[in-house]
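Here's the letter readout for the chains.
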Amino acid sequence: SGPATISPTGAPTGADRARAAQSGAHLTDAQGVRRPDTDHSLKAGPRGPVLLQDHHLREKVMHFDHERIPERVVHARGAAAHGVFQSYGTAASVTKAAFLAEGAETPVFVRFSTVLGSRGSADTVRDTRGFATKFYTEEGVFDLVGNNIPVFFIQDAIKFPDVIHAGKPHPDREIPQAQSAHDTFWDFVTLHTEATHHTLWNMSDRGIPRSYRTMEGFGVHTFRLVAADGGTTLVKFHWKPKLGVHSLVWEEAQIAAGVDPDYHRRDLADAIEAGAHPQWELGIQTFPDTPDQTFEGIDLLDPTNLVPEELAPVQPIGLLTLNRNPSNFFAETEQVAFHVGHLVPGIDITDDPLLAGRLFSYLDTQITRLGGPNFPQLPINRPHAPVNDMLRDGMHQTAVHRGVAPYRPNSLDGGCPFTAGADMGAYVETPVLVPEATKVREAPESFADHYGQARRFWLSMTPVERDHIIGAYTFELGKCWEQAIKERALQVLAHIDPELCAGVAEGLGLPAPEPTEPLADVEPSPALSQLGRTWPTD
Ligand code: HEM
């Protein structure tokens, strides 16, 4: 192969480290010229005007002026840690991914986040949490970009700008900062009833985790695993916290948001520093890769659906341990760039229409957020596998590429000839049959049930969890200005359960409406309850 163009290791070199630290005998400017005084501008006399010729002053202030980069358009508020993923090898029969082979150990970087608040917002607000993991595998980077809620608000990525516009602060007053209690949010989720299931999870205790260490994580979409023999299996990814799943109660969450807005960030960093390294097991639910991509009547391409663990048990396949805090928040937590399209051989996508839009969105947004196309060269984003990508130049290029022939094959640099077996170990898209179809702009009929899984979640809750949910809807809807939105929300709740609807209606002082269609006939799934669940088992 041709020359490796980027250092294969993500760790800073000794020179980088020295350059990055506030150490050394002398202060220098960015050009390495020693500066004896960084406290006084150059002036014409002690009380005279400051001189434009003061390069040190101009450089110092210029750099400061450009210290901020745009925050993430969503998930702006986050905290992260380094760790290791140890594979049990139990997935080796269904995927050829090297990092899932028995005994494989892979360095990881994990970033937890809220979704809606800005970078400086409080941690303990009611919101979904991000749970994004970067695996630096020997076959390249794999990112599992998930949430702490196993379903999503929408079924098609074309609605993502809309749901986020509805959830972010009102454009006129920029309030609320990081709460869902406002008219645009409730307007959206009651007009787009596919959001009912995710909203119910948000209103449950899952919306206010006790700690990042006590949250589950979910890949949400159905992915496709590919075995060494080419056989395929559909899969959903789960992170199960060793500490169990725990939440705050609403009053605690509100007090913590005021008293210590960094509550979750501090908890994570303190635990790691104290040696209480948080752990999660990675688990998979597997389903046969049938042409219709359904399981027990559940459409696996609909991201508002989960598959109850009673129907498809979660099988543990490895252990994640977070054991090192970042040494620099900006360089690591802020500059890390996750992407659902970062896949390794053995893991492929499905045709979930929400996933399709994400495949575009992350790469696109990072070009703006991280200032051009070369952000994979940032230390935190560098693969630990060798890179020979033929990508050249561009803003913030830091590699000094050798040779003259950045294309493949070439006969000048002696690199990358096409040889038999060159695809060994390469990422090859699974040859999935695309059914004959007509171009349409519509959802399938199997995406039409917006209430059944929400009803299952409600029926699976213990009495205290149900009380919390009724309290959450009552509080949040109580903050809406528009009566019509509250009434529409009650109409949605009537389709989940009469007890839920009546409880919230009473709290709002409004009549409880009747459902306009029969309630879904579903069985509870005790594994959905935080209090009734059996995990962890050891
Ligand atoms: C960021 C999860 C849907 C666009 C994130 C992050 C997570 C996440 C965890 C934070 C990553 C980090 O810590 O840096 C999810 C999940 C989704 C979902 C689980 C649904 C299953 C979508 C969709 C879109 C989208 C449908 C767009 C069409 C973005 C963007 C960012 C982001 C633009 C900011 C990325 C950055 O600036 O680096 N998402 N997301 N997400 N997400 Fe999603």
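Residues numbered from 1 in each chain as written. Predicted model: local features only at pLDDT ≥ 70, side-chain atom pairs only at ≥ 80, totals over all residues.

- Going by what an unreviewed UniProt entry lists, the protein is known as Catalase and is assigned to Streptomyces thermocoprophilus.
- Checking UniProt for the protein, the heading Cofactor (unreviewed entry) contains the comment "heme".
- Listed under Catalytic activity (unreviewed entry) in UniProt, the entry text for the protein is "2 H2O2 = O2 + 2 H2O". (UniProt positions renumbered as here; feature names shortened; annotations may be inferred.)

## Thoughts on the overall build of the protein
Move 1: Across its full length, the protein holds 13 helices and 12 strands.
Move 2: The C-alpha atoms of the protein give a radius of gyration of 26 Å, which matches the 24 Å a tight globule of 538 residues would have.
Move 3: In terms of overall dimensions, the protein has C-alpha extents of about 80 × 75 × 50 Å along its principal axes.
Move 4: Taken across its 538 residues, the protein has 39% of its residues classed as buried.
Move 5: Put simply, of all contacts in the protein between residues at least 6 apart along the chain, 73% involve residues at least 24 apart. (Helix = DSSP H or I, 4+ residues; strand = E, 2+ residues; numbered from the N terminus. Rg over C-alpha atoms; globule rule 2.2 N^0.38 Å. Buried ≥ 20, exposed ≤ 12 C-beta atoms within 10 Å, placed from the backbone. Contact = placed C-beta atoms within 7 Å.)

## A word on the site of the ligand
Move 1: His75, Arg111, Gly130, Phe160 and Ser361 are the nearest of the 29 residues found near the ligand.
Move 2: Of all elements in the fold, only strand E2 (105-114), strand E3 (129-137), strand E4 (140-147) and helix H9 (353-369) reach the threshold of two or more residues within the shell around the ligand.
Move 3: At 8 residues, the largest contribution of residues to the shell around the ligand is made by H9.
Move 4: Looking at side-chain class alone, the shell around the ligand contains 14 nonpolar, 11 polar and 4 charged residues. (Near = placed C-beta within 6 Å. Nonpolar A, V, L, I, M, F, W, Y, C, P; charged D, E, K, R; others polar.)

## Things to note about the environment of Ser247
Move 1: Examined against the element boundaries, Ser247 turns out to sit in the loop between strand E7 (232-241) and helix H6 (250-259).
Move 2: Owing to 20 C-beta atoms within 10 Å, Ser247 belongs among the buried residues under this scheme.
Move 3: Sequence separation of Ser247 and Ser204 is 43 residues, and the distance between their C-alpha atoms is 9.5 Å.
Move 4: Residues in contact with Ser247, not counting those within four places in the same chain, are Asp205, Arg206, Ile208, Pro209, Arg210 and Gln530.

## Section: the packing of helix H5 (residues 196-203) against helix H10 (residues 452-460)
Move 1: Where H5 contacts H10, the two axes come as close as 8 Å, and the packing angle between them is 25°. As the angle between them shows, H5 and H10 are arranged roughly parallel. By crossing handedness, the relation of H5 to H10 is classed as right-handed. Contacts between H5 and H10 pair Thr196, His197, Leu200 and Trp201 from the former with Gln453, Ala454, Phe457 and Trp458 from the latter.
Move 2: Here the residues of the contact of H5 with H10 are counted per class, giving 5 nonpolar, 3 polar and no charged. (Axes fitted to C-alpha atoms, helices over the stretch in contact; angles between N-to-C directions. Parallel < 35°, antiparallel > 145°, perpendicular 65-115°, else oblique. Left-handed = near helix turned anticlockwise from the far one by under 90°.)

## Things to note about the pairing of E7
Move 1: Within E7, 8 of the 10 residues are buried, which leaves the element mostly enclosed by the surrounding structure.
Move 2: Relative to E7, strand E5 (residues 217-218) is paired through 2 bridges, and the arrangement is antiparallel. What sits directly across from Gly217, in E7, is Trp239.
Move 3: Examined bridge by bridge, strand E6 (residues 223-226) and E7 share 4 bridges and lie antiparallel to one another. Across the sheet, residue Val226 finds its bridge partner in E7, namely Thr232.
Move 4: Once E6 ends, the chain turns through 5 residues before running back antiparallel as E7, passing Gly230 with a positive phi of about 90°.
Move 5: Pairing analysis gives 9 bridges linking E7 to strand E8 (residues 279-288), with the strands arranged antiparallel. By the bridge assignment for E8, His238 is matched with Gly283. (Pairing = 2+ DSSP bridges.)

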